[in-house]
Amino acid sequence: MRHTISVLVENEFGVLSRVSGLFSGRGFNIESLCVAETIDPETSRMTIVTSGNEQIVEQIKKQLHKLINVIKVIDHQEIDSLERELALIKVTAEAETRAEILRIVDIFRARVVDVTQKSYTVEITGDENKVAAIIEMLRPMGIKELVRTGKVAMGRGSKTAK
Amino acid sequence: MKKTGAQILLESLRLEGADIIFGYPGGAVLDVYDELFNFPIKHILVRHEQAAVHAADGYARATGRPGVCLVTSGPGATNTVTGIATAYMDSIPIVVFSGQVPSALIGNDAFQEADIVGITRPCTKHNYLVKDVADLARIIKEAFYLATTGRPGPVLVDIPKDVLRAATTFHYPDEVKMRSYNPTYKGHPGQIVKAVKLILKSRQPVAYVGGGTILSEAALELTEFSRLLTIPTTTTLMGLGAFPEDDPLSMGMLGMHGTYRANMAVTECDLLIAIGARFDDRVTGNLEKFAPNAKIIHIDIDPTSISKNVKVDVPIVGDVKDVLGNIIKTIVEEDIEAYKKSLQPWNKQIHEWKATYPLAYKKKKNIINPQYVVEKISELAGEDAIISTEVGQNQMWTAQYYKFMKPRTFLTSGGLGTMGYGFPAAMGAQAAFPDRLVIDIAGDGSIQMNIQELATVMQYRLPVKIAILNNHFLGMVRQWQELFYDKKYSYTCMQVQPDYVKLAEAYGAKGFRATKVEEVEAVIKKGFATDGPVIMEFVVAKEEDVYPMVPAGAPISEMLLV
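Summarised in this report is the structure supplied together with it.

### Considering the packing of helix α1 (residues 15-25) of chain A against helix α2 (residues 54-66) of chain A
All names here are of chain A.
Line of reasoning, step 1. In the contact formed by α1 and α2, the axes pass within 11 Å of each other and the chain directions differ by 145°. Like other packed secondary-structure pairs, α1 and α2 cross with a definite hand, here right-handed. Along the contact surface, α1 presents Val19, Leu22 and Phe23, while α2 presents Ile60, Gln63 and Leu64.
Line of reasoning, step 2. Residue composition of the contact of α1 with α2, by class: five nonpolar, one polar and no charged.

### Quick look at the sheet that holds strand β18 (residues 465-470) of chain B
Residues and elements named next belong to chain B.
Line of reasoning, step 1. With parallel pairing, six strands are arranged side by side in an open sheet as β16-β15-β17-β18-β20-β19. Each edge of the open sheet carries a strand with a single partner, namely β16 (410-411) and β19 (510-514).
Line of reasoning, step 2. Note: β18 against strand β20 (residues 534-539), six bridges, orientation parallel. Each bridged residue has a counterpart across the sheet, and for Ile466 the counterpart in β20 is Ile535.
Line of reasoning, step 3. In the packing of helix α19 (residues 422-432) onto the sheet, the strands contacted are β15 (386-389), β16, β17 (438-443) and β18, and the crossing angle to β17 comes to about 180°.

### Some thoughts on the interface of chain B and chain A
Line of reasoning, step 1. Contacts between chain B and chain A engage 19 residues on the former and 16 residues on the latter.
Line of reasoning, step 2. The junction of chain B with chain A conceals about 1,600 Å² of combined surface from both sides, 49% of it contributed by carbon and sulfur atoms.
Line of reasoning, step 3. Of all residues in chain B, the largest losses of buried area upon contact with chain A belong to Arg121, Arg179 and Ser180 of chain B, amounting jointly to 38% of the total for that side.
Line of reasoning, step 4. The shortest N-O distance in the salt bridge between Asp40 of chain A and Arg179 of chain B comes to 3.5 Å.
Line of reasoning, step 5. Looking at the side of chain B that touches chain A, the element that brings in the most residues is strand β6 (residues 126-129) of chain B, giving three residues.
Line of reasoning, step 6. In terms of residue class, the side of chain B that touches chain A is built from six nonpolar, six polar and seven charged.

### Overview of the pattern of salt bridges
Line of reasoning, step 1. Scanning the entire structure with this criterion turns up 40 salt bridges over all chains.
Line of reasoning, step 2. With a shortest N-O distance of 3.1 Å, Glu100 of chain A and Arg103 of chain A are connected by a salt bridge. With Glu100 of chain A and Arg103 of chain A both in helix α3 (residues 98-107), this residue pair falls three residues apart, about one helical turn.
Line of reasoning, step 3. We classify Glu100 of chain A as partly exposed; its relative accessible area is 29%.
Line of reasoning, step 4. Between Glu482 of chain B and Arg478 of chain B there is a salt bridge, with the nearest N and O atoms lying 2.7 Å from each other. Taken as a pair, Glu482 of chain B and Arg478 of chain B lie in helix α22 (residues 475-484) at a separation of four residues, close to a single helical turn.
Line of reasoning, step 5. For Arg478 of chain B, a relative accessible area of 0% puts it in the buried group.

Calculation notes
- Residues numbered from 1 in each chain as written.
- Chains lettered and ligands numbered in written order.
- Predicted model: local features only at pLDDT ≥ 70, side-chain atom pairs only at ≥ 80, totals over all residues.
- Heavy atoms only, no water.
- Axes fitted to C-alpha atoms, helices over the stretch in contact; angles between N-to-C directions.
- Helix = DSSP H or I, 4+ residues; strand = E, 2+ residues; numbered from the N terminus.
- Left-handed = near helix turned anticlockwise from the far one by under 90°.
- Contact = heavy atoms within 4.5 Å.
- Nonpolar A, V, L, I, M, F, W, Y, C, P; charged D, E, K, R; others polar.
- Pairing = 2+ DSSP bridges.
- Buried area = accessible area lost by both parts, 1.4 Å probe.
- Salt bridge = Lys/Arg side-chain N within 4 Å of Asp/Glu carboxyl O.
- Buried < 20%, exposed > 50% of the residue type's maximum accessible area, 1.4 Å probe, protein only.

What follows is the structure in structure tokens.
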């Protein structure tokens, strides 16, 4: 099963390599990993999408927690969470498809952020299903390039992860 | 007054109570060595950096205090990796200080540069690259704190040369503030009550004791616990010494080369109480068939050890000493007699197993049995002797035939299985306890891996006794080839070997050799009675095997016996 895990870490050099090294060294999966500073410049937050059976995911969480620089580990499968991902999609836009692409962009509440004679670059933000859906819709037009941030996640409600 | 990084390092070590540094100088740490010349901490100059780490590890295992190493950058640092990985697998507290090229050169492939922080990241509990001399004192404080608390382990501190030369005001912090590190020592009271209930309900319990019990200084609590309830007790390789082996409740070691009764008891038990142990594959064999009918209580300070390999019914995260103490307190006295009575059939069964298949070997007349040598050493060394081993048959025969009575008297590389560990570890233990008898029980393969340390023990008058069980083979590998690879002894025969007696003499030590059974006792006695380092070579049966043996991946109840 897939799990989205947030890892609050000390914003120190080498932390990313400790975390990624833990996954590679113990044979755990990483589907995506996203990391940046939080509101507190001394901490960073990683969002890791991983998969495995219950026992493996339990080990992943414990092992993450064991790393000295890790402050907190949150499994979003256990709480009600918001999950978002951003993608930039460079899609072929010839005369006959330009209007159709704009309609799709509109339906998904995405945006065109760069235009040429031959292409649109579309920015989409949303949960996994939404991003996957627009990619499927645009695929027949010819996707020239695709980049995704990987997921970020946050618990719903006023409680915070500190 | 300002102090340089080099001065801060040594002052900090002094404040941490370090009395011995095992080290080897080089360009990047010249400033430290310059200060060390007149500094009141003893330094032992080893002959290879790997030995420095094993010595610090042996010092830590024997004393319970963290061992300290100091090496230079590049090759000095990379030579420590095997030692660090050894300590990591067995959770031994050591702090390794490595010099690094000057900050400005890091990443430039400078002379004697190695990314030792990157290299040791997966085999240290934590490591540091010190970028500013102002952080040095705090980092050293944290390094010792991390190495010795929670589940202990090695910590490496890499210090660039310019940081060692830079100066700042020295203030050694009184305490450590790390918001991301808070090991749990106190077991959860609710879990302890649950565990006690489960124990009192059991009729065929087994205490399965690992090295965590020794690390936690909980041997007394364990002994009290087992005796109070008459629970049969088996130890892992790392747990040897935690429970006195002359106690009728002692079942010796379990696992691949465990005793028949220990492996049968674990297979048949209805409750397994795992105490500071981690269900290693050499212990469990086929996991599906390991303690198949048992409920499991698992006490461990490291949450990642719990339910890693085996699903546990009552996990207790905490320090073994604290948890066992609380379990003993929770047990109501009125329950004890009835419980002990209910265990009588179980204890009787275990004694029957012991009587039917005791640890045994076929005694040969004209050639020395290696097991006999270990038995004799055990008989003659005394309870306070510290025993180290190398890895392989020598290690297993020692685990089986040496009667360990006290914690911290057995130093062996259990997790990593590092050949070449035993001699330098013995050297480290001897440096900590100059007046105790310290013996390395070695094989002819392993001893050659760090034999250069004979010079070190001579220089510092460390009277380590080395007993080589010489079968002219890499014995354990040969045993596997015999049993599982059609006796094809591919590259396991050590045909050419030094004359160990002459080798000892070449270094200025004493060497004795026994080739006949009748000579064994005399050689051991002579070796023990001789001042200074001694090599005792025992030319033993070439193709003797370690039994019992559980083939890899088989259930531990399926043992090959003598």
